[in-house]
Amino acid sequence: MTPERLQRLRTVLDRRQPDLTVLLEQVHKPHNFSAILRTCDAVGVLEAHAVLPSKGLPPLPEAEGEAAGSLLSAIGSGKTYSESSGSAAKWMFLQAHPDTASAFKHLRARGFQIYAAHLSETAVDYRTVDYTAPTCVLLGAEKWGVSAEAAEGADAHVAIPMLGMVQSLNVSVAAAVILFEAQRQRLQAGLYDQPRLSPERYQAILETWSQA
Ligand code: SAM
């Protein structure tokens with residue numbers, strides 16, 4: 001590894017936010033899954049969580065590319081770290097949960113507040129909530145949206161105002177809009193100014209990344 005490459009890995013790791021995550025609830029289209037992880041990487045998210053579709057994963061269209069395919073396979077096999085060659089998935093941790101209740105239990109135990117991106121009657125504008133505390137942004141399935149169970153269990157519903165004719169955004173677009181607001185708030189709060197990981201964890205991840 002060149003010194004420049006090592007420095008690049010360090011620079012990225014210095015900005016990783018261990019207390020900002022996403023929960024993808026039955027998001028099943030590989031290109032959406034992949035696009036969300038790409039955004040997560042850009043924002044500095046360290047780990048992502050997923051509840052897989054109950055009927056299993058759909059066949060992966062070849063056209064979606066190796067990155068998304070290998071990513072979903074990794075999640076489906078229950079691995080917590082993707083060895084995928086996909087560009088974004090390589091740089092974060094992925095954890096699959098069997099159902100929404102288990103995912104919530106896991107995230108709650110770690111102190112995450114959960115904001116469901118959900119266009120409900122009680123939803124507030126996504127720019128009005130605080131993303132500087134430990135936060136999980138929950139995103140719903142392409143067709144059905146957030147489940148009733150997840151909507152009920154979330155701390156708040158956040159919505160991106162829709163002023164046009166269509167009722168909702170593509171899930172990966174919604175994820176990007178909300179996560180970049182979280183990034184904006186965290187930049188302002190100085191959360192990217194110094195490493196957020198413990199020295200031990202930082203070193204362990206750096207070693208893993210060095211071999212990627
Ligand atoms: N018919 C579904 C529904 O009623 O929720 C639409 C699902 S939408 C295509 C997929 C996911 O993207 C949603 O569950 C939500 O998480 C997110 N999403 C899409 N547009 C959104 C918006 N304007 N505000 C917040 N989240 C949005």
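Just so you know, these numbers come straight off a predicted model, no measurement behind them.

Focus: the overall build of the protein chain
And step 1. A count of helices and strands for the protein chain gives seven helices and seven strands.
And step 2. Counting from the amino terminus, helix and strand elements in the protein chain follow one another as α-β-α-β-α-β-α-β-β-β-α-β-α-α.
And step 3. Scored against the burial criterion, the 212 residues of the protein chain give a buried share of 44%.
And step 4. A separation threshold of at least 6 residues defines the contact pool for the protein chain, and within that pool the share at least 24 residues apart is 76%.
And step 5. In the structure as shown, the protein chain presents an accessible area of about 10,700 Å², 53% of it carried by carbon and sulfur atoms.

Overview of the pairing of strand E6 (residues 135–139)
And step 1. A large share of E6 lies buried, amounting to five of its five residues.
And step 2. With burial as the criterion, each face of E6 is covered, one bearing Thr135, Val137 and Leu139 and the other bearing Cys136 and Leu138.
And step 3. Pairing of strand E1 (residues 17–25) with E6 involves five bridges; the strand directions are parallel. Paired with Leu20 across the strands is Thr135, a residue of E6.
And step 4. Both strand E4 (residues 113–117) and E6 contribute to a ladder of four bridges, which runs parallel. Looking across to E6, one finds that Gln113 is bridged to Thr135.

Quick look at the sheet that holds strand E7 (residues 156–159)
And step 1. If you trace the seven strands from one edge of the open sheet to the other, you get E3-E2-E1-E6-E4-E7-E5, paired in parallel fashion. Both outer strands of the open sheet, strand E3 (93–97) and strand E5 (124–125), are each paired with one neighbouring strand and no more.
And step 2. Along the sheet, helix H6 (residues 171–188) makes contact with E1, strand E2 (45–51), E4, E6 and E7, crossing E6 at roughly 165°.

Considering the packing of helix H1 (residues 3–15) against helix H7 (residues 199–210)
And step 1. Closest axis-to-axis distance for the H1/H7 pair is 10 Å, and the angle between their directions is 135°. In this view, H1 runs oblique relative to H7, as classed from their interaxial angle. The way H1 lies across H7 gives a crossing that is right-handed. Contacts from Leu6, Leu9, Arg10, Val12, Leu13 and Asp14 of H1 reach H7 at Tyr202, Ile205, Leu206, Trp209 and Ser210.
And step 2. Across the contact of H1 with H7, the residue classes break down as eight nonpolar, one polar and two charged.

Points about H7
And step 1. Given a rise of 1.5 Å per residue, twelve residues ought to cover 16 Å, and the 16 Å separating the end C-alpha atoms of H7 matches this to within 8%.
And step 2. Residues Tyr202, Ile205, Leu206 and Trp209 constitute the buried set of H7. Down the axis, H7 shows its buried residues gathered within 105° of arc, on one side only.
And step 3. Tucked inside the fold, the buried residues of H7 contact H1, E2 and E3.

Details of the environment of Leu197
And step 1. Its location among the elements puts Leu197 in the loop between H6 and H7.
And step 2. Setting aside chain neighbours within four positions, we find Leu197 in contact with Leu13, Pro18, Leu46, Tyr202 and Ile205.

Brief notes about the pattern of salt bridges
And step 1. For the coordinates displayed, the defined rule picks out seven salt bridges.
And step 2. Note that Asp19 and Arg186 form a salt bridge whose closest N and O atoms lie 2.7 Å from each other. Of this pair, Asp19 sits in strand E1 while Arg186 sits in helix H6; the two residues are 167 residues apart in sequence, bridging distant segments of the chain. Note on accessibility: Asp19 and Arg186 belong to one class, buried.
And step 3. Two residues, Glu47 and Arg110, come together in a salt bridge whose shortest N-O distance is 2.7 Å. In this pair, Glu47 is assigned in strand E2 and Arg110 in the loop between helix H4 (100–109) and E4, connecting sequence segments 63 residues apart.
And step 4. By relative accessible area, which is 7% here, Glu47 ends up buried.

Cut-offs and rules
- Residues numbered from 1 in each chain as written.
- Predicted model: local features only at pLDDT ≥ 70, side-chain atom pairs only at ≥ 80, totals over all residues.
- Heavy atoms only, no water.
- Helix = DSSP H or I, 4+ residues; strand = E, 2+ residues; numbered from the N terminus.
- Buried < 20%, exposed > 50% of the residue type's maximum accessible area, 1.4 Å probe, protein only.
- Contact = heavy atoms within 4.5 Å.
- Areas by Shrake-Rupley, 256 points an atom, 1.4 Å probe, with all protein chains shown as cover.
- Pairing = 2+ DSSP bridges.
- Axes fitted to C-alpha atoms, helices over the stretch in contact; angles between N-to-C directions.
- Parallel < 35°, antiparallel > 145°, perpendicular 65-115°, else oblique.
- Left-handed = near helix turned anticlockwise from the far one by under 90°.
- Nonpolar A, V, L, I, M, F, W, Y, C, P; charged D, E, K, R; others polar.
- Expected span 1.5 Å × (residues − 1).
- Arc of directions from axis to C-beta.
- Salt bridge = Lys/Arg side-chain N within 4 Å of Asp/Glu carboxyl O.

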